[in-house]
Amino acid sequence: MADTGNRFEWRAFAKHFGALEYRLLEYGRFMDMKVSQEWYLISRHNTNLNIKIRAGKLQTKALVQTLGELEQWAPAGSATLPVSADTFQAQVLVPLRIATAGLTMETGPALLDEHDLNTRFFYRFPDMIAVALQKKRMRYALGERPGEDQTDNQNKCMGELVELEINGASLQSLCIESVHPDQVKEAAALIGLDAWRNRSYVTALRETMGLVPQAPLLR
């Protein structure tokens, strides 16, 4: 789904979703598959920002609100790499509340690409972890009705099954998302996702990397 509108999400993580995957195939229309390699930047101090590097961009989404089990996320900034150290500090370190006092950066390029950020920033702060993700995302349109415009993705309820490698470890994510919260709840109940606890990428990665204790996967 395009990054337009404030989407409500119900997302879960597991080694395998079994019957839920087949229900997604049964009730959803396959749309496309995308493969990407990404960095997620997570902090001990912040759970409300999703900051990642994907496709040459430094992207931020912010948690707008929670509505029962649902979380509403919205785009909150984007910068095309390479970026300056000041931009990285303003868009990543400050929002994640990463302390930089007393840190002196060695001389380097004025603009930093993904390699420069990896070697100069990602592992210098004890309160921030850079997590390498490889994703294969398969997207489905759910709840379509006869006569609807099949190209209007903004108003659809979307399903996403993701095969993940997180620092080399395999995992799956299944998500229902829409700008309409009732559609998300209906689709989650239809395929059985409502039995699983809603966890954002930020929450799941903080648990996976040991920043916080692992919570139960099921509700």
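Brief notes about the pattern of salt bridges
When the charged atoms of two side chains lie near each other, side chains of opposite charge can form a pair.
For step 1, the next point in the chain: Summed over the entire model, instances satisfying the criterion amount to 12 salt bridges.
For step 2, the next point in the chain: Close ionic contact of arginine 11 with glutamate 160 constitutes a salt bridge, the shortest N to O distance being 3.1 Å. With arginine 11 in strand β1 (residues 7–14) and glutamate 160 in strand β9 (residues 157–166), this pair connects stretches of sequence that are 149 residues apart. Residue arginine 11 shares its accessibility class with glutamate 160, and that shared class is buried.
For step 3, the next point in the chain: Residue arginine 199 pairs with glutamate 207 through a salt bridge whose shortest N-O separation is 2.4 Å. Residues arginine 199 and glutamate 207 agree in their burial class; the two are buried.
For step 4, the next point in the chain: One salt-bridge network, in which partners are shared between bridges, spans Arg11, Arg137 and Glu160.

Focus: the packing of aromatic side chains
For step 1, the next point in the chain: Taken as a whole, this structure holds seven aromatic pairs when the rule is applied.
For step 2, the next point in the chain: A cation over an aromatic ring shows up here: lysine 135 above the ring of tyrosine 201, its NZ or CZ 4.2 Å from the ring centre.

Thoughts on unusual backbone geometry
For step 1, the next point in the chain: For the bond from leucine 81 to proline 82, the omega torsion is 5°, close enough to zero to count as cis.
For step 2, the next point in the chain: Backbone geometry places arginine 97, a non-glycine residue, at a positive phi of 60°.
For step 3, the next point in the chain: Structurally, the position occupied by arginine 97 is in the loop between α2 (85–93) and β7 (111–112).
For step 4, the next point in the chain: Within the chain, asparagine 167 stands out as a residue other than glycine whose phi angle is a positive 50°.
For step 5, the next point in the chain: Note on placement: asparagine 167 falls in the loop between β9 and β10 (169–178).
For step 6, the next point in the chain: On the basis of relative accessible area, asparagine 167 is assigned to the partly exposed category, the value being 44%.

Digging into the sheet that holds strand β8 (residues 128–142)
Strands in a sheet are paired, the pairing made by backbone hydrogen bonds, and the direction either parallel or antiparallel.
For step 1, the next point in the chain: The strand order around the closed barrel formed by eight strands is β1-β5-β4-β3-β2-β8-β9-β10, and the pairing between neighbours is antiparallel. Adjacent strand axes in the sheet meet at a mean angle of 35° when their direction is disregarded.
For step 2, the next point in the chain: Direction of pairing for strand β3 (residues 49–54) relative to strand β4 (residues 57–67): antiparallel, over a ladder of six bridges. Within β4, the position partnered with arginine 54 by the bridge is lysine 57.
For step 3, the next point in the chain: Relative to β4, α2 is tilted by about 20°, and along the sheet it contacts β2 (28–43), β3, β4, β5 (70–80) and β8.

Reading guide: rules and limits
- Residues numbered from 1 in each chain as written.
- Predicted model: local features only at pLDDT ≥ 70, side-chain atom pairs only at ≥ 80, totals over all residues.
- Heavy atoms only, no water.
- Salt bridge = Lys/Arg side-chain N within 4 Å of Asp/Glu carboxyl O.
- Helix = DSSP H or I, 4+ residues; strand = E, 2+ residues; numbered from the N terminus.
- Buried < 20%, exposed > 50% of the residue type's maximum accessible area, 1.4 Å probe, protein only.
- Phe/Tyr/Trp six-rings, centres within 6.5 Å; stacked < 30°, edge-to-face > 60°.
- Lys NZ or Arg CZ within 6 Å of the ring centre and 35° of its normal.
- Pairing = 2+ DSSP bridges.
- Axes fitted to C-alpha atoms, helices over the stretch in contact; angles between N-to-C directions.
- Contact = heavy atoms within 4.5 Å.

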